[in-house]
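For reference, the chains in residue letters:
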Amino acid sequence: MVPEEDLGHGDIEAALATRRELGARYDAELVDGFAERIERAVERRVADQLEVQQRRTAAIAGAGGRQLALGIISLVAFIPISIALGVNDQFLALLVTLVGIVGVNAAHAWQSKRP
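Reading guide: rules and limits
Residues numbered from 1 in each chain as written. Predicted model: local features only at pLDDT ≥ 70, side-chain atom pairs only at ≥ 80, totals over all residues. Heavy atoms only, no water. Patch = residues over 30% accessible without salt bridge, like charges linked within 9 Å, V, L, I, M, F, W, Y side chains within 5 Å. Areas by Shrake-Rupley, 256 points an atom, 1.4 Å probe, with all protein chains shown as cover. Salt bridge = Lys/Arg side-chain N within 4 Å of Asp/Glu carboxyl O. Lys, Arg positive; Asp, Glu negative; His and termini not counted. Charge placed at Lys NZ, Arg CZ, Asp CG, Glu CD. Buried < 20%, exposed > 50% of the residue type's maximum accessible area, 1.4 Å probe, protein only. UniProt positions renumbered as here; feature names shortened; annotations may be inferred. Helix = DSSP H or I, 4+ residues; strand = E, 2+ residues; numbered from the N terminus. Contact = heavy atoms within 4.5 Å. Polar contact = N/O pair within 3.5 Å; in protein donor to acceptor, adjacent residues only side chain to side chain.

Chemist: Please provide a residue-by-residue account of a negative patch on the surface, values included.
Modeler: A cluster of acidic residues, E29, D32, E36, E39 and E43, forms a negative patch on the protein surface. Owing to a relative accessible area of 45%, D32 belongs among the partly exposed residues under this scheme.

Chemist: Go over the UniProt feature "transmembrane region" (unreviewed entry) in the protein chain, please, and point to the residues and values.
Modeler: The UniProt record marks residues 68–85 and 91–110 with the feature "transmembrane region" (unreviewed entry), using the residue numbering of this structure. Between the end C-alpha atoms of residues 68–85 the distance is 25 Å, and the span holds 100% helix and 0% strand. With 100% helix and 0% strand, the stretch residues 91–110 has end C-alpha atoms that lie 28 Å from each other.

Chemist: An account of a nonpolar patch on the surface is requested, with residue identities and associated values reported.
Modeler: Together, F91, L92, L95, V96, L98, V99 and V102 make up an exposed nonpolar region whose accessible area comes to about 700 Å². Note that L95 resides in helix 3 (residues 91–113).

Chemist: Can you explain the environment of H108? Please cite residues and give values.
Modeler: Inspection of the secondary structure puts H108 in helix 3. Considered as a pair, H108 and H9 are 99 residues apart in the sequence and their alpha carbons are 46 Å apart. Excluding residues that lie within four positions of it along the chain, H108 makes contacts with A63, R66, Q67 and L70. A polar contact of 2.5 Å, which involves the side chain of H108, links it to the side chain of Q67.

Spelled out as structure tokens, the structure:
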């Protein structure tokens, strides 16, 4: 939906038609009114863009704590797994487990940094 304040082709045509009907003596008022609508539209768009940027910044800032927690949990989970696989001479399984844990952490870090 198009908000009422958005400026379109119809608004410009209406302003020109009003100028034709009222004459040149009302030009300043018509231009001022149209300029105010343009300024409001620009201010609204800038505010929307700032809000989106602030949300992105907040999401990226919050990812640091989650990344730290995931790293700690991964380390705590890997210690007993590595002990069990190391004692049983399961080097390939140990390597696959390590690659999997590193992959999960890397994927989370990459996903958290995306805009």
